[in-house]
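Observations on the model geometry
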Amino acid sequence: MASVVLSEAEKVYIVHGVQEDLRVDGRGCEDYRCAEVETDVVSNTSGSARVKLGHTDILVGVKAEMGTPKLEKPDEGYLEFFVDCSANATPEFEGRGGEELGTEIANTLYRVFSSESSVDLKSLCINPREHCWVLYVDVLLLECGGNLFDAISIAVKAALFNTRIPKVRVLEDEEGSKEIELSDDPYDCIRLNVDDVPCIVTLSKIGYRHVVDATLQEEACALASLLISVTSKGALTSMKKVGKGSLDPESIFEMMETGKRVGKSLHVALQKTLDEEESLGTSRQKVGFLG
Amino acid sequence: MAAISMRLPVVRKAVGLSAPRGGEKHLVVPGDTITTDTGYMRGHGTYVEEEKLIASVAGAVERVNKLVCVKALKTRYNGEVGDIVVGRITEVQQKRWKVETNSRLDSVLLLSSMNLPGGELRRRSAEDELAMRDYLQEGDLISAEVQSIFSDGAVSLHTRSLKYGKLGQGVLVQVSPSLVKRQKTHFHNLPCGASLILGNNGFIWIYPTPEQKVEEAGGFTTNLEPVPLSDREVISRLRNCIVALVTQKLMLFDTSILYCYEASLPHQIKDILKPEVMEAIVLETRQRLLYLEG
């Protein structure tokens, strides 16, 4: 992970600040930085989203392709995640430097989406055992400014909300062979229901308290962090601990409660922004990468 | 209570870029011809090719009598003798420290350019060399002055005055060096209750004003006591104001920062970083500065 070097005095200043609920940029322990979300930024994908959370910049593209269902789940489609840490984010990611972080994030995303209820995979099935939709979710890290997992999960949810999968019809011949017909109308498509898609909330333990949405400097002072994925209804789908330090059970419980609370407000804010964007339709001025 | 602000992106133009002050600026990009008149001397950022003066960096052309130079808008720090810089120690080598100052090469702080504790004046011995790490380690922040520049452009620093030395508790803000205005003094004690060091290299250090004149040991001992909440609020507000000024491309100097601080008082500290609040505050600051200029 990209990290900054801090002096002892700077770390002490940050830790004392967190104790008093006043972080370096004036936020409280449970406040997020100002986030900007935009969908439909990449034209040749089925769905895309870009999220800017402070200095963290994430781009997610979703491509829907036809494939064969997995053997153990013949009547469901599936999601494939790939995370690319571009060298744009930090020089450490040059060449193969970002691979380790990329696989860690991809594995976390698989775990978060492993729950049955997050995405309705049965709607992605075309022909049981033969054809299904595979959603390839590609995440691109453009800038690393702390709190990667949260920003990535927000972007993935926004991209899935934006995904439009073309409607297909299965035609059966007299001989029994099936033919798949794609509808000609580009607006004739199915949308995914993202109400139960979870978002990751990272809680970093600094001193005796924990903070949400840590910046790079705060991450350097944190001993351990807890990543929890929360759905919009407040249900926990997965939990992961990162960092060299240890967490005692009481703090884990407190962090879980904070995470659930913060997660619910995060979903509300995100859904509001996505609905606002949807309602503006074609009249919205697209910003993309040239703003 | 959690506060999450999510919004759609909007194209915004920086306040500092609109409305030219004092005539149009001649902006050039690398490769642009500045002039074909051979009477001019070429300064920084230019070169001569086929009797034409061509720019080698992207920026504004400045002309002083016969000297033409191009001042780059976004650049690494280019050291000049006498500049005040704030730097971070990256390496501890045999008789020197390597300091990161946002320039092309790491700056150098020689052991002989550093004051000894107690202000003794003597040759540095082998014991001093071994004790180097006890004083400055990797990651420490220092304030120093540029003593000289090596032939390859690397800057040599010195802390031979009691006001320079290791920095204690505070907040560092990194900005582009071209936004820091050159002034007589870069150490400011603001009336709002915090102190500021505006490094010419773009590193700005905000720290709580030391209470009384500490017996100026040159910063050998760091004070790790908790800073009171009122001081923290001032420091956080100043930090956000500086970030707002930088995002809107306004020059940084003590008056502009102070005006921005006063303009931001009606808002909550964390709201200053919202784009619309930022614009409003910086607009007010700019108006006050224009009024000051008369």
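Residues numbered from 1 in each chain as written. Chains lettered and ligands numbered in written order. Predicted model: local features only at pLDDT ≥ 70, side-chain atom pairs only at ≥ 80, totals over all residues. Heavy atoms only, no water.

Turning to the overall build of chain B, a few remarks are in order. The number of helices and strands found in chain B is 5 helices and 18 strands. Taking the principal axes of its C-alpha atoms as reference, chain B extends roughly 60 × 60 × 35 Å. Considering only residue pairs separated by 6 or more positions, chain B has 63% of its internal contacts joining residues 24 or more positions apart. If you sum the accessible surface of chain B, you get close to 15800 Å²; carbon and sulfur atoms cover 51% of it. (Helix = DSSP H or I, 4+ residues; strand = E, 2+ residues; numbered from the N terminus. Contact = heavy atoms within 4.5 Å. Areas by Shrake-Rupley, 256 points an atom, 1.4 Å probe, with all protein chains shown as cover.)

Further remarks concern the overall build of chain A. Within chain A one finds 5 helices and 14 strands. Across the 291 residues in chain A, those meeting the buried criterion constitute 53%. Partitioning the intrachain contacts of chain A with sequence separation of at least 6 by distance along the chain shows that 70% fall at a separation of at least 24. When the accessible area of chain A is evaluated, it comes to approximately 13700 Å², of which 50% is carbon and sulfur surface. Here chain A carries 31 positive and 50 negative side-chain charges, and the mean point of each set is 4 Å from the other. (Buried < 20%, exposed > 50% of the residue type's maximum accessible area, 1.4 Å probe, protein only. Lys, Arg positive; Asp, Glu negative; His and termini not counted. Charge placed at Lys NZ, Arg CZ, Asp CG, Glu CD.)

Time to look at the UniProt feature "domain: Exoribonuclease phosphorolytic" (unreviewed entry) in chain A. Under the UniProt annotation, the feature "domain: Exoribonuclease phosphorolytic" (unreviewed entry) is placed at residues 32-166 and 196-261 of chain A. In residues 32-166 of chain A, the share of helix is 21% and the share of strand is 38%. The end C-alpha atoms are 36 Å apart. (UniProt positions renumbered as here; feature names shortened; annotations may be inferred.)

Residue and element names in this part refer to chain A. Spanning 12 residues, helix 1 (residues 8-19) covers 17 Å between terminal C-alpha atoms, matching the ideal 16 Å at 1.5 Å per step. Among the residues making up helix 1, those that are buried are Ala9, Glu10, Val12, Tyr13, Ile14, His16, Gly17 and Val18. A positive phi of about 65° marks Asp21, the residue just after helix 1. (Expected span 1.5 Å × (residues − 1).)

Residues and elements named next belong to chain A. Strand order in the open sheet formed by 4 strands is 12-11-13-14, with antiparallel pairing between adjacent strands. Each having just a single partner strand, strand 12 (209-212) and strand 14 (236-242) make up the two edges of the open sheet. Pairwise comparison of adjacent strand axes, ignoring direction, gives a mean angle of 25° for this sheet. With 6 bridges joining them, strand 13 (residues 224-230) and strand 14 adopt antiparallel strand pairing. Each residue of the ladder has a partner; that of Ile228, found in strand 14, is Met239. (Pairing = 2+ DSSP bridges. Axes fitted to C-alpha atoms, helices over the stretch in contact; angles between N-to-C directions.)

Attention shifts here to the pairing of strand 11 (residues 199-206) of chain A. Residue and element names in this part refer to chain A. With respect to burial, strand 11 is a largely interior element, 8 of its 8 residues being buried. Every second residue of strand 11 is oriented toward a common face, with Cys199, Val201, Leu203 and Lys205 on one face and Ile200, Thr202, Ser204 and Ile206 on the other, all of them buried. What sits between the antiparallel neighbours strand 11 and strand 12 is a turn of 2 residues, in which Gly207 has the positive phi angle 70°.

To continue, consider the packing of aromatic side chains. What describes a pair of aromatic rings is the distance from one ring centre to the other and the angle between the planes of the rings. All names here are of chain A. A complete count under the given rule lists 3 aromatic pairs over all chains for this structure. Look at Phe81 and Tyr110: their rings are 5.4 Å apart centre to centre, the planes differ by 85°, and that puts the pair in the edge-to-face class. Residue Phe81 is located in strand 4 (residues 78-85), and its partner Tyr110 is located in helix 2 (residues 99-112); the two are separated by 29 residues in the primary sequence. A relative accessible area of 8% places Phe81 in the buried class. Summarising the aromatic geometry, the rings of Phe81 and Phe113 are spaced 5.2 Å apart at their centres and angled 45° between planes, so their arrangement reads as tilted. Residue Phe81 is found in strand 4, and its partner Phe113 is found in the loop between helix 2 and strand 5 (125-127); the two are separated by 32 residues along the sequence. The burial state of Phe81 is the same as that of Phe113; both residues are buried. (Phe/Tyr/Trp six-rings, centres within 6.5 Å; stacked < 30°, edge-to-face > 60°.)

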